[in-house]
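Close look at the chain arrangement
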Amino acid sequence: MAFSTDAWQRNARLIDTIQEMDFNRALSAGTLERDVFKYYVIQDSLYLAGYARALAAAGVKAPDSEAMLTFTGSAQEAIQVERALHASYFEKFGIDPAQVQAAEPSPTCLAYTSYMLGLAETAGYAELVAAILPCFWVYWEVGKRIDAEAGPDNPYRAWIDTYADESFGEAVQAVIRHVDRAAEAAGPDTVAAMHHAFMRSTQYEWMFWDAAWRREDWPVKP
Ligand SMILES: Cc1ncc(CO)c(N)n1
């Protein structure tokens, strides 16, 4: 069985839970509170800055030029496409870019980006790309489901269209191919580390939406 098929099955219940989260149900219905989405967009900007570096690191570690193109290209996309998406929401919600620059990552956002950047520093290509895969794949599945349910005048349409778009789906398929190829070339210890990394990132995906719903903040401050 391909690594990706196996990883998806092992995490199927968790991924179903993500589809049913309050944040995603409310986003789909168009009833998500603006302040909750605003919190999410600011945290996601901070996340994407770290994520883009992790993708660039995967490009450096990639075993062939095709994989290099996929991951360095995705690093650029993470910065460009999503910056544009976020900028449009910043304008819509009256968020000053300086406010984003000054924003502190939530405990969950910092944990997720630190986890990914830790792997970028210390792990090999196979484990790093296994940690990257849920960020693509879970968003694609969530985006497709919400796209099928949400109306054309949903206030979060631009977000939905970004992640339900065929071009995003093609990027997801490319990453799946590279991860499966890495697993085929890997020994059992590395494959086990890949499964762990895929699971951990999927958990962080759940936590990221949960943190936005709760507008998570640091429990103590100086
Ligand atoms: C937290 C998170 N995971 C994945 C994506 C998809 O790129 C995103 N924008 N944010």
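Everything below is about the structure shown above.
The structure contained in this document is the topic of the report that follows. (Residues numbered from 1 in each chain as written. Predicted model: local features only at pLDDT ≥ 70, side-chain atom pairs only at ≥ 80, totals over all residues. Heavy atoms only, no water.)

1. Considering the environment of Gly143
Here is the rule: For helices the rule is a DSSP run of H or I covering at least 4 residues; for strands it is a run of E covering at least 2, with both sets numbered from the N terminus onward. To sort residues, take the accessible area from a 1.4 Å probe on protein chains only and compare it with the maximum for the residue type: under 20% means buried, over 50% means exposed, and anything in between is partly exposed. For this analysis, residues touch if any pair of their heavy atoms sits within 4.5 Å.
Topologically, Gly143 is positioned in helix 8 (residues 125-149). When its relative accessible area of 0% is taken as the criterion, Gly143 is described as buried. The spacing of Gly143 and Glu20 is 123 residues in sequence and 13 Å in space, taken between C-alpha atoms. The contact partners of Gly143, leaving out residues within four places of it in the chain, are Ile160, Tyr163 and Ala164.

2. Observations regarding the packing of aromatic side chains
Our working definition: Planes of paired rings set the category: under 30 degrees apart is stacked, over 60 is edge-to-face and the rest tilted, where pairs are Phe, Tyr or Trp rings (Trp by its six-membered ring) whose centres lie within 6.5 Å.
Inspection of every chain in the model, using the stated rule, returns 24 aromatic pairs. With centroids separated by 6.3 Å and ring planes inclined at 75°, the aromatic side chains of Trp137 and Phe198 adopt a geometry described as edge-to-face. Taken together, the residues Trp137 in helix 8 and Phe198 in helix 11 (residues 188-214) connect sequence positions 61 residues apart. Of the two residues examined, Trp137 and Phe198, each falls in the buried class.

3. Looking at the state of the cysteines
Here is the rule: Put simply, a disulfide is two cysteine sulfurs that come within 2.5 Å.
Summed over all chains, the structure comprises zero disulfides. Of all cysteine sulfurs in the structure, the one in Cys109 sits closest to Cys135, which takes part in no disulfide; the separation is 12 Å. Taking the relative accessible area as the measure of exposure, Cys135 reaches 6% and is therefore buried.

4. Focus on the side chain of Thr162
Note the cut-off: In protein, a polar contact requires one atom able to donate a hydrogen and another able to accept it; more generally it is a pair of N or O atoms within 3.5 Å, and residues adjacent in sequence count only if both atoms are side-chain atoms.
Following the sequence through the fold, Thr162 ends up in helix 9 (residues 157-164). Judged by its relative accessible area of 19%, Thr162 falls in the buried class. A polar contact of 2.8 Å, which involves the side chain of Thr162, links it to the backbone oxygen of Ala158. In this view, Thr162 contacts Val81, Leu85 and Phe168; residues no more than four positions away in its chain are not counted.

5. Focus on the nonpolar core
The following threshold applies: Only buried Ala, Val, Leu, Ile, Met, Phe, Trp, Tyr and Cys residues count toward a nonpolar core, and they belong to the same one when joined by side-chain atoms within 4.5 Å.
In this structure, Phe37, Tyr40, Tyr51, Trp159 and Trp209 are the most contacted members of the largest nonpolar core, which totals 77 residues. Here the element with the most residues in this core is helix 8; it accounts for 16 residues. Once residues within four sequence positions are removed from consideration, Phe37 is found in contact with Phe23, Leu27, Leu32, Tyr89, Phe93, Tyr156 and Trp159.

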